[in-house]
Amino acid sequence: MPLTDATCRNATCPEGKARERYADSKGLYLEVRPAGGKYWYFKHRFANKEKRLSLGTYPDVPLASKVKRDPATGAVVTVVKGARDLRDEARALLKAGTDPVQAKLDGKQAQRIRIGTTFERVARDWFEHWLTRKTPRHAEFVMRRLEADVFPVIGAKPVGDITAQHLLAMAKKIEARDALDIARRAWQMAGQVLEHALAHGLVDRNAAKDVRPGVALKARAKVNYARLDA
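Definitions and cut-offs
Residues numbered from 1 in each chain as written. Predicted model: local features only at pLDDT ≥ 70, side-chain atom pairs only at ≥ 80, totals over all residues. Heavy atoms only, no water. Phe/Tyr/Trp six-rings, centres within 6.5 Å; stacked < 30°, edge-to-face > 60°. Helix = DSSP H or I, 4+ residues; strand = E, 2+ residues; numbered from the N terminus. Buried < 20%, exposed > 50% of the residue type's maximum accessible area, 1.4 Å probe, protein only. Lys NZ or Arg CZ within 6 Å of the ring centre and 35° of its normal. Core = buried A, V, L, I, M, F, W, Y, C linked by side-chain atoms within 4.5 Å. Contact = heavy atoms within 4.5 Å. Axes fitted to C-alpha atoms, helices over the stretch in contact; angles between N-to-C directions. Parallel < 35°, antiparallel > 145°, perpendicular 65-115°, else oblique. Left-handed = near helix turned anticlockwise from the far one by under 90°. Nonpolar A, V, L, I, M, F, W, Y, C, P; charged D, E, K, R; others polar. Pairing = 2+ DSSP bridges.

**Q** Explanation requested: the packing of aromatic side chains in the structure shown.
**A** Within a pair of aromatic rings, the relevant descriptors are the distance that separates the centres and the angle that separates the planes. Scanning all chains against the criterion turns up five aromatic pairs. Measuring from ring centre to ring centre gives 5.8 Å for Phe127 and Trp130, while their planes differ by 35 degrees; the resulting arrangement is tilted. Taken together, the positions of Phe127 and Trp130, both in helix α4 (residues 119-130) and three residues apart, correspond to about one turn of that helix. Trp130 sits in the buried class, given a relative accessible area of 15%. Over the aromatic face of Tyr39 sits the side chain of Arg33, whose NZ or CZ is 4.2 Å from the ring centroid. Positioned above the aromatic ring of Tyr41, the side-chain terminus of Arg52 is 4.0 Å from the ring centre.

Structure representation (structure tokens):
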């Protein structure tokens, strides 16, 4: 018989048992431990092997999804995804020939990579490749500009999350102190870092190319010097 929220709320593990399982339907069950912890699992078979996928803990993950209606549009919006919906998503992966357990592991690995590859870390890697044929003076200038103007604004962001708007905010901050040339150079340097990230599969595109700096940033006013006779 399918579970109810009341059953989940009152579920306990009998004394002396390592765990107690309360079955719902289609492979979903709630496992209760002696200490009181309640864990959702989806039991399934993939490649002729029995597996189980962890779906979170109750009550953080409820039995059914919690929804509300958007007052502006009237649309129903999911607030907290429930165990049954998570199970159905896993079943859809199975139907498509994908192991949901492996898909979850791949997602966690991608998240670790995304968090570990900040813009600053990628920029420093790019710098090591870039400086080999540059003069020490020029290389020092570039790193000084990165550390002073670029890293404080976007250095901690995962490189895959960087958008043209982030680059624009960084360049505008430099532009605000009337350092127009440095603002453009910072944009160009960030673009080279993102090109490096693109070449190594860390981003899907170079966000610096989404907006031309000439359109977004101020141009330095031209100065006409006095004409000299021959």
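Back to the write-up after that little detour.
**Q** Could you clarify how one ought to interpret the nonpolar core in this entry?
**A** The tendency in soluble globular proteins is for nonpolar side chains to be buried as a group. Within the largest apolar cluster, 31 residues are counted, with the highest numbers of intra-cluster contacts made by Phe119, Leu146, Val150, Leu167, Met170 and Leu194. Of all the elements in the fold, those that place two or more residues in this core are α4, α5 (136-154), α6 (164-175) and α7 (180-199). It is α7 that provides the largest number of residues to this core, a total of eight residues. Not counting residues within four places of it along the chain, the set of residues in contact with Leu194 comprises Phe119, Val159, Ile162, Leu167, Val203, Asn206, Ala207 and Ala208. Listed in part, the 16 residues of the second largest apolar core include Leu30, Leu53, Tyr58 and Val61.

**Q** Any chance you could explain the side chain of Thr117 here in plain terms?
**A** Relative to the helices and strands, Thr117 resides in the loop between α3 (100-116) and α4. Thr117 sits in the buried class, given a relative accessible area of 17%. When sequence neighbours within four positions are dropped, the list of residues in contact with Thr117 reads Val122, Lys157, Pro158, Val159 and Leu202.

**Q** Explain the packing of α5 against α6 to me, please; I cannot follow it from the model alone.
**A** When two helices pack together, their arrangement is given by the angle between the helix axes and by the axis-to-axis distance. At a closest axis distance of 10 Å, the pairing of α5 and α6 adopts a crossing angle of 140 degrees. Considering the angle they form, α5 stands oblique to α6. Note on packing geometry: the crossing formed by α5 with α6 is right-handed. Judged by residue contacts, Asp149, Val150, Val153 and Ile154 of α5 engage His166, Leu167, Met170, Lys173 and Ile174 from α6. Per-class residue counts for the contact of α5 with α6 are six nonpolar, one polar and two charged.

**Q** Is there a simple way to explain the sheet that holds strand β4 (residues 49-57) in this structure?
**A** Paired through their backbone hydrogen bonds, the strands of a sheet run either parallel or antiparallel. Strand order in this open sheet of four strands is β1-β2-β3-β4, and the pairing throughout is antiparallel. With partners counted over all chains shown, the strands left at the sheet margins are β1 (20-23) and β4, one partner each. When strand polarity is set aside, the average angle formed by the axes of neighbouring strands in this sheet is 30 degrees. Looking at chain direction, strand β2 (residues 28-32) and strand β3 (residues 38-46) are connected through five bridges and run antiparallel. By the bridge assignment, Glu31 is partnered in β3 with Tyr39. Against the sheet, helix α2 (residues 83-95) touches β2, β3 and β4, its axis set at about 20 degrees to β3.

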